[in-house]
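Below, each chain spelled out in residue letters.
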Amino acid sequence: MIGEEMGSDLLDLETIFGEAKAEWEGGSSSTNGVPELNPFLYRVYASDPSHLTLHVSDFRSYTWESRRSIHQLEDMRDSIGISGSWSDFVNYVVASLKSKDVKLVMKWQPNLNDAVSAKLVARKSKGMPLLSISLSKLDPSAATEATANMSLELFKAYNVLKDPFGTEQDRRCQLSQMISADKDKSLTVKRKLDAATNMEKQRFQKISDIGSTASPLNSETSSVTAALHTTELKLEEQFCMNPMKKVAEY
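Counting from 1, residues in each chain are numbered in the order their sequence is written. For a predicted model such as this one, the threshold for reporting local features is a pLDDT of at least 70, and the threshold for listing and counting side-chain atom pairs is 80 or more; totals across whole chains, interfaces and linings nevertheless cover every residue. Only hydrogens and water are removed before side-chain values are computed, so all heavy atoms of the structure are retained for them.

### Let's talk about the environment of Thr63
By the criteria applied, helices consist of DSSP H or I runs no shorter than four residues and strands consist of E runs no shorter than two, each listed in order from the N terminus. Tracing the backbone through its elements, the reader meets Thr63 in strand β4 (residues 63–69). Placed 22 residues apart in sequence, Thr63 and Leu41 show a C-alpha to C-alpha distance of 9.6 Å. Here a residue-residue contact requires only that any non-hydrogen atoms of the pair lie within 4.5 Å. Ignoring sequence-local partners within four residues, the contact set of Thr63 consists of Val56, Ser57, Ser136, Lys137, Leu138, Ala143, Ala146 and Thr147. At a separation of 2.8 Å, a polar atom in the side chain of Thr63 contacts the side chain of Ser57. Whenever two N or O atoms come within 3.5 Å, that pair is a polar contact, provided that in protein one can donate a hydrogen and the other can accept it, and provided that, for residues adjacent in sequence, both atoms are side-chain atoms.

Have a look at this one:
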């Protein structure tokens with residue numbers, strides 16, 4: 001039952017792709033006749049319910065493989081000291097292989113003028129247990145098969161990622177168009193409001209100008225009215241003071 005649960009965890013494992021930082025063991029360099037290393041890609045997947053398979057290749061000169069059974073993975077778990085459940089260990093392996101600290105360490109054999117062994121090392125983060133997986137070099141025929149499958153699976157993974165990305169791009173494009181249309185509508189409304197405001201200001205200015213022109217006429221009329229009123233008052237006073245004289249005059 002436990003074996004079935006372990007196998008289920010492996011089958012549920014999504015294929016992992018990544019780039020390994022390749023280096024020669026012991027710091028060998030091209031000055032010692034050791035060739036410079038090309039970039040390496042790796043693929044990790046469950047080849048069946050009981051095995052985890054790893055391929056690492058530069059698609060030119062070197063292709064490496066590791067195939068680990070559940071029992072071998074359990075031994076690896078004990079050797080690196082990962083506590084917890086089996087699922088916890090699988091999650092740690094996945095996190096380590098997805099990290100940016102994945103290296104391919106190759107051993108150069110001067111007598112054979114070739115690399116004779118390699119291992120993939122990774123860790124989840126600095127200070128965490130180091131995962132080390134020994135690799136075997138594939139012969140040309142097996143290497144061709146492995147790199148062909150890796151290329152095909154990479155293309156499939158690309159398509160899976162591309163579809164949601166394309167949908168998101170379309171959605172963002174539509175959203176940008178909607179925002180642009182809203183901006184155009186806002187500018188149109190603003191222009192209309194500005195035009196209406198300017199017309200209202202001009203109307204008020206005309207009314208103000210008409211009022212200013214009428215003010216002197218009103219002032220002069222008021223002065224004449226005041227003068228006439230003053231004259232009437234003086235005549236009344238004079239008549240009241242000497243009415244008989246006024247009558248005799250008449």
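Having seen it, we continue.
### Considering a nonpolar patch on the surface
Candidates for patches are residues over 30% relative accessible area with no salt bridge; among them, like charges are joined within 9 Å and nonpolar side chains (Val, Leu, Ile, Met, Phe, Trp, Tyr) within 5 Å. Accessible surface area values rest on a Shrake-Rupley calculation with a 1.4 Å probe, where residue burial reflects the displayed protein chains alone. Should a side-chain nitrogen of Lys or Arg be within 4 Å of a carboxyl oxygen of Asp or Glu, the pair is scored as a salt bridge. The grouping of Leu175, Met178 and Ile179 at the surface amounts to a nonpolar patch, some 280 Å² of accessible area in total. Note that Met178 resides in helix α4 (residues 140–241). Think of it in three bands: with a 1.4 Å probe and only protein chains considered, a residue is buried below 20% of the maximum accessible area for its type, exposed above 50%, and partly exposed in between. For Met178, a relative accessible area of 53% gives the class exposed.

### Re the pattern of salt bridges
A complete count under the given rule lists six salt bridges for this structure. The residue Arg123 makes a salt bridge to Asp101 at a minimum N-O spacing of 3.9 Å. Of this pair, Arg123 sits in the loop between β6 (114–122) and β7 (131–137) while Asp101 sits in the loop between α3 (86–97) and β5 (102–109), and the two are 22 residues apart along the sequence. Judged by its relative accessible area of 24%, Arg123 falls in the partly exposed class. Residue Asp194 is joined to Lys190 by a salt bridge in which the shortest nitrogen-to-oxygen separation is 3.1 Å. In this pair, Asp194 and Lys190 both sit in helix α4, four residues apart, roughly one turn of the helix.

### Focus: the packing of aromatic side chains
Given two aromatic rings, their pairing is described by the distance between the two centres and the angle made by the two planes. In summary, the pairing rule links any two rings of Phe, Tyr or Trp, Trp by its six-membered ring, whose centres are within 6.5 Å, and it sorts them by plane angle into stacked for under 30 degrees, edge-to-face for over 60 and tilted for everything else. Per the counting criterion, the structure on display carries three aromatic pairs. Taken together, a centroid distance of 5.3 Å and an interplanar angle of 75° make the contact between Trp24 and Trp108 edge-to-face. Here Trp24 is found in strand β1 (residues 16–24), whereas its partner Trp108 is found in strand β5, with 84 residues between them in sequence. Exposure remark for Trp108: the relative accessible area of 13% places this residue in the buried category. Ring centres 6.3 Å apart and planes at 10° place the aromatic pair Tyr62 and Trp64 in the stacked group. Given a relative accessible area of 10%, Tyr62 falls into the buried group. With relative accessibility at 0%, the residue Trp64 sits in the buried group. Look at NZ for Lys and CZ for Arg. If either is within 6 Å of the ring centre and within 35 degrees of the ring normal, a charge sits over the ring. Between Arg43 and the ring centre of Tyr45, over which it is positioned, the NZ or CZ distance is 3.7 Å.

### Comments concerning the confidence of the model for the chain
On average, residues of the chain carry a pLDDT of 81, and 74% of them reach 70 or more. Below a pLDDT of 50 lies the segment residues 243–250, which in the model reaches two contacts outside its immediate sequence neighbourhood of four places, other chains included. The score called pLDDT rates the predictor's confidence residue by residue, from a low of 0 to a high of 100.

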